Amino acid sequence: MPHYISRGQIPGKRHTQFRKPDGTLYAEQLFSTEGFSNDSSLLYHEHPPTAILKVDQPVSMAPSAATDSVLKHHSLDGFAIHPVTDYINSRKPIVFNTDLHISLAAPQEGVREYFYKNADADELIFVHEGSGWLMTAYGRITFGYGDYIHIPRGTIYQIHFDDTSNRLLIIDSFSAIRFPEKYMSNKGQLLEHAPFCERDLRVPEYQEPVLEKGEFLIKIKKKGLIHGIYYRHHPFDVIGWDGCCYPYVFSIHDFEPITGRVHQPPPVHQTFEARNFVVCSFVPRLFDYHPLAVPAPYNHSNIDSDELLYYVDGDFMSRKSVTRGMLTLHPGGIPHGPHPGTVEKSIGARETKELAVMIDTFHPLMLTQTALDIENREYTNSWI
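Report follows, based on the coordinates. (Residues numbered from 1 in each chain as written. Predicted model: local features only at pLDDT ≥ 70, side-chain atom pairs only at ≥ 80, totals over all residues. Heavy atoms only, no water.)

1. Comments concerning a nonpolar patch on the surface
Phase 1: Taken together, the side chains of Val 294, Val 343 and Ile 347 present a nonpolar region at the surface, about 210 Å² in accessible area.
Phase 2: Relative to the assigned elements, Val 343 resides in helix H2 (residues 342–346).
Phase 3: A relative accessible area of 34% means that Val 343 is categorised as partly exposed. (Patch = residues over 30% accessible without salt bridge, like charges linked within 9 Å, V, L, I, M, F, W, Y side chains within 5 Å. Areas by Shrake-Rupley, 256 points an atom, 1.4 Å probe, with all protein chains shown as cover. Salt bridge = Lys/Arg side-chain N within 4 Å of Asp/Glu carboxyl O. Helix = DSSP H or I, 4+ residues; strand = E, 2+ residues; numbered from the N terminus. Buried < 20%, exposed > 50% of the residue type's maximum accessible area, 1.4 Å probe, protein only.)

2. Things to note about the side chain of Thr 271
Phase 1: Along the chain, the position of Thr 271 falls in strand E21 (residues 270–274).
Phase 2: At 2.8 Å, the side chain of Thr 271 forms a polar contact with the side chain of Ser 281.
Phase 3: Residue contacts for Thr 271: discarding those within four places in its chain leaves Phe 179, Pro 180, Phe 196, Phe 250, Phe 255, Val 279, Cys 280 and Ser 281. (Polar contact = N/O pair within 3.5 Å; in protein donor to acceptor, adjacent residues only side chain to side chain. Contact = heavy atoms within 4.5 Å.)

3. Some thoughts on the packing of aromatic side chains
Phase 1: Overall, the coordinates contain 21 aromatic pairs when judged by the stated rule.
Phase 2: Residues Tyr 87 and Tyr 157 carry aromatic rings whose centres are separated by 6.3 Å and whose planes lie at 75° to one another, so their mutual orientation is edge-to-face. With Tyr 87 in helix H1 (residues 87–90) and Tyr 157 in strand E14 (residues 156–161), this pair connects stretches of sequence that are 70 residues apart.
Phase 3: Here the aromatic cluster, defined as three or more aromatic residues joined through ring pairs, consists of Phe 126, Tyr 148, Phe 179, Tyr 183, Phe 196, Tyr 248, Phe 250, Phe 255, Phe 272 and Tyr 310.
Phase 4: Above the ring of Phe 79, the side-chain terminus of Arg 167 is found at 4.9 Å from the ring centroid. (Phe/Tyr/Trp six-rings, centres within 6.5 Å; stacked < 30°, edge-to-face > 60°. Lys NZ or Arg CZ within 6 Å of the ring centre and 35° of its normal.)

4. Considering the side chain of Asp 99
Phase 1: Looking at the secondary structure, you find Asp 99 in the loop between strand E7 (92–96) and strand E8 (100–105).
Phase 2: Looking at Asp 99, its side chain comes within polar contact range of the side chain of Asn 276, at 3.2 Å.
Phase 3: Apart from the residues lying within four places of it in its own chain, the contact partners of Asp 99 are Asp 172, Ser 173, Phe 174, Arg 275, Asn 276, Phe 277 and His 363.

5. Topic: the nonpolar core
Phase 1: Counting residues in each nonpolar core, the largest one holds 42 residues, and the members touching the most others are Ile 102, Tyr 148, Phe 272, Val 279 and Val 357.
Phase 2: If near-sequence neighbours (up to four positions away) are discounted, Ile 102 is found in contact with Lys 92, Pro 93, Ile 94, Val 95, Leu 169, Ile 170, Ile 171, Leu 308 and Ile 359. (Core = buried A, V, L, I, M, F, W, Y, C linked by side-chain atoms within 4.5 Å.)

6. Things to note about the sheet that holds strand E2 (residues 27–32)
Hydrogen bonds along the backbone pair up the strands of a sheet, which may run parallel or antiparallel.
Phase 1: Across the sheet, which stays open at both edges, the 4 strands sit in the order E1-E19-E3-E2 with antiparallel pairing between neighbours. Each edge of the sheet is formed by a strand with only one pairing partner; in this case those strands are strand E1 (5–8) and E2. Neighbour-to-neighbour, the strand axes of this sheet turn through a mean angle of 15°, independent of strand direction.
Phase 2: Pairing of E1 with strand E19 (residues 238–243), which is carried by 4 bridges, proceeds in the antiparallel orientation. Within E19, the position partnered with Ile 5 by the bridge is Gly 243. (Pairing = 2+ DSSP bridges. Axes fitted to C-alpha atoms, helices over the stretch in contact; angles between N-to-C directions.)

7. Some remarks on the pattern of salt bridges
Phase 1: Counted by the stated rule, this structure contains 16 salt bridges.
Phase 2: For the salt bridge of Arg 91 with Glu 123, the shortest nitrogen-to-oxygen distance reads 3.0 Å. Residue Arg 91 is found in the loop between H1 and E7, and its partner Glu 123 is found in strand E10 (residues 122–129); the two are separated by 32 residues along the sequence. Glu 123 matches Arg 91 in its accessibility class, with the two residues each being buried.
Phase 3: Among the salt bridges present, the one from Lys 221 reaches Asp 172, with a minimum N-O distance of 3.0 Å. Of the two residues, Lys 221 is situated in strand E17 (residues 213–222) and Asp 172 in strand E15 (residues 167–173); the sequence distance between them amounts to 49 residues.
Phase 4: The network of salt bridges with shared partners includes Arg 91, Glu 123, Asp 172 and Lys 221.

Any link to function would need more than the numbers given here.
And the structure:
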């Protein structure tokens, strides 16, 4: 995150004595990324966040590849993922590589009886259906349809939903998720040509510290294993914090599209980037306005990247038979483009109402058995 915020009570200078009303010290915690070399925050706890009572045996949640085929177009029915009560168990990996895991989830309940921490990866959660709020030591953030929730790795959280009907697209990134460098000043401010700005971000609202003592289970994901660790004190006992590393929410509806006289390439839709992949947002927008413009995208070769497109809502002029929650995977190495008939049909159209999330990866994505179970097997031949 490029900008600094402060919540609650903090001392006037970092790493100095900060005492409670009874004269004892608050416990200072540095939450930093990439060692001590990048964004960080300082949190002040009522109790040291280190008092462990016991540890459970770890349970594997690591995905495995169900096929070696990496040169085939795929279409997946994302809404065929069945609802599951528990939040962690609802997360079903569909594709993965060494840079990221991508999962679909339909949780019926949030996290109430335990806390969750992903010590492996930053999480980017796209909310397709549902609403609720995220609770962390930094405070509370509400979310709803069309929101991206960015949770830095190592953040302890509970997620709560307003009802049982929820659909999520989840990215686990093994590198920091950031805004595109091309949109940033060298000091970290979003520039004038960026399709969104800091005002569009929703950051944590401060909540009073929870001063409970007992057994608090934190399920921690590390190296693909879920470790259950029980702590003496509630993890949200923070009296105040400040810094530049914290969870936030950004709505896809606040992404301002970049258009032109002729068809613009996918990088104009870029929203986030990480090591070896980018995330793009396709939103309602006016079509190209050259008198001879062809609004449908041209055929293109994915030489360097796999393209995973998640369809959210609206009509898609380049695809036939698109449904909400559908995903298409077009692998690097073979070209793809509009379905037959859609190019001529697009000519003269003034605008599109499409809404979609695209993830381009620069290493091949492997499919899990879950992905194969929800695959439309006729898709590869759908250009005939």
